[in-house]
Amino acid sequence: MANPFALAEGLDRIGAGFVETPVVRLDHDRLNLFAKLEFGNPNGSVKDRSAYLILKRAAERGELTPESTVVESSSGNFAISLASFCRMLGVPFVPVIDPNVNPATERFLRTICERVEKVTERDASGGFLHNRLARTNALLTLLDDAYWPNQYANTDAADAHHRLTGGELCRVFDRIDYLFVGVGTGATITGLSRRMRESLPGTKVIAVDTVGSAIFGDRPRARHIPGIGSSIRPPLLDHAQIDDVVLVSETAAVAACHRLLRRHGIYAGGSSGSVYAAIEEYFAGCHGTRPTVVFLCADRGTAYADTVYQPGWLADRLSR
């Protein structure tokens, strides 16, 4: 029998590995603009925070045991976080992925996980999420003692950003005028918006979504950049406190990734480009008082080298 104490000890080691991610000021002619570099987390993305707290609380409740198999649908970063943490805990993990997963991410998952499930058929929305979730539910019935983190509805994911990400922002800033957050599962913006209301109530929280995502009522259709947008409205968003929403096309997101790199030396992933593009659009006519604007760079651009940073990649995808 597996040692239950090893699970608690492993979670303690994971928790001890977190440090506060850096906040850097970016040169801007109209804004006091700051980026919080979430790729400073142990596995390189903001998803480390939610993955850690979900696993920790699941173990405390007895939902996750040394005999469990973790199963989750993920577009990339959450799967990477779970794969790494589950390996440290000695718990098997089965990610359910789709063709939008970056090639580097898929290679990592196939290296570290004994089993990877890949959904290849698009669903009625033009995306893959509904079919990924259907495959996840099928695996939950097939595997003994399977545990589903359910990142779209698990309030522990939002609590991670309320406590950890939000706590760090409040230690750095005594005032934030605007906080821009990309939305996928809804966990980050839900946790951060609740923390802003409590600690920095003057902050306007701006949600950034991608064109073709159903989260805020746009018509769902095929999308190609993982980590932002969804074919469903995540249940976690029912707890968010959002002041405004900006939709960004994938073409604009890719171009903004390149500007973020060329102008500021920040090599970030696709969702970061979406948020940076949203900020540029939102404040295009801003003059006079310089608002303090903060956004998260959710992950590093390394995994997107063959996609977002590859010339012609998006145009090729859109032409298919």
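Residues numbered from 1 in each chain as written. Predicted model: local features only at pLDDT ≥ 70, side-chain atom pairs only at ≥ 80, totals over all residues. Heavy atoms only, no water.

## What about the sheet that holds strand E9 (residues 244–248)?
Pairing is mixed across the open sheet formed by 6 strands, whose spatial order is E1-E2-E10-E7-E8-E9. Single-partner strands in this sheet number two, and they are strand E1 (23–26) and E9. The average angle at which neighbouring strand axes cross in this sheet is 25°, direction not considered. Bridging between strand E8 (residues 204–210) and E9 involves 5 bridges; their strand directions are parallel. (Pairing = 2+ DSSP bridges. Helix = DSSP H or I, 4+ residues; strand = E, 2+ residues; numbered from the N terminus. Axes fitted to C-alpha atoms, helices over the stretch in contact; angles between N-to-C directions.)

## Remarks on helix H8 (residues 250–264)
Along its 15 residues, H8 runs 21 Å from first to last C-alpha, staying within 8% of the 21 Å computed at 1.5 Å per residue. Here H8 has its buried residues at Glu250, Ala253, Val254, Ala256, Cys257, Arg259, Leu260 and His264. Residues of H8 that are buried sit in contact with E1, E8, E9, helix H9 (270–282), strand E10 (292–297) and helix H10 (313–319). Immediately downstream of H8, the backbone of Gly265 shows phi near 70°, a positive value. (Expected span 1.5 Å × (residues − 1). Buried < 20%, exposed > 50% of the residue type's maximum accessible area, 1.4 Å probe, protein only. Contact = heavy atoms within 4.5 Å.)

## A few points about the UniProt feature "domain: Tryptophan synthase beta chain-like PALP" (unreviewed entry) in the protein
With numbering matched to this structure, UniProt assigns "domain: Tryptophan synthase beta chain-like PALP" (unreviewed entry) to residues 20–297. The distance separating the terminal C-alpha atoms of residues 20–297 is 14 Å; by composition the span is 40% helix and 17% strand. (UniProt positions renumbered as here; feature names shortened; annotations may be inferred.)

## Overview of the nonpolar core
Counting 36 residues, the largest nonpolar core has Phe180, Ile266, Ile279, Phe295 and Cys297 as its most contacted members. Filtering out sequence-adjacent residues up to four positions away, Phe295 remains in contact with Leu26, Leu33, Phe34, Ala35, Lys36, Phe180, Leu260, Val275, Tyr276 and Ile279. Listed in part, the 31 residues of the second largest apolar core include Leu7, Ala51, Cys86 and Cys113. (Core = buried A, V, L, I, M, F, W, Y, C linked by side-chain atoms within 4.5 Å.)

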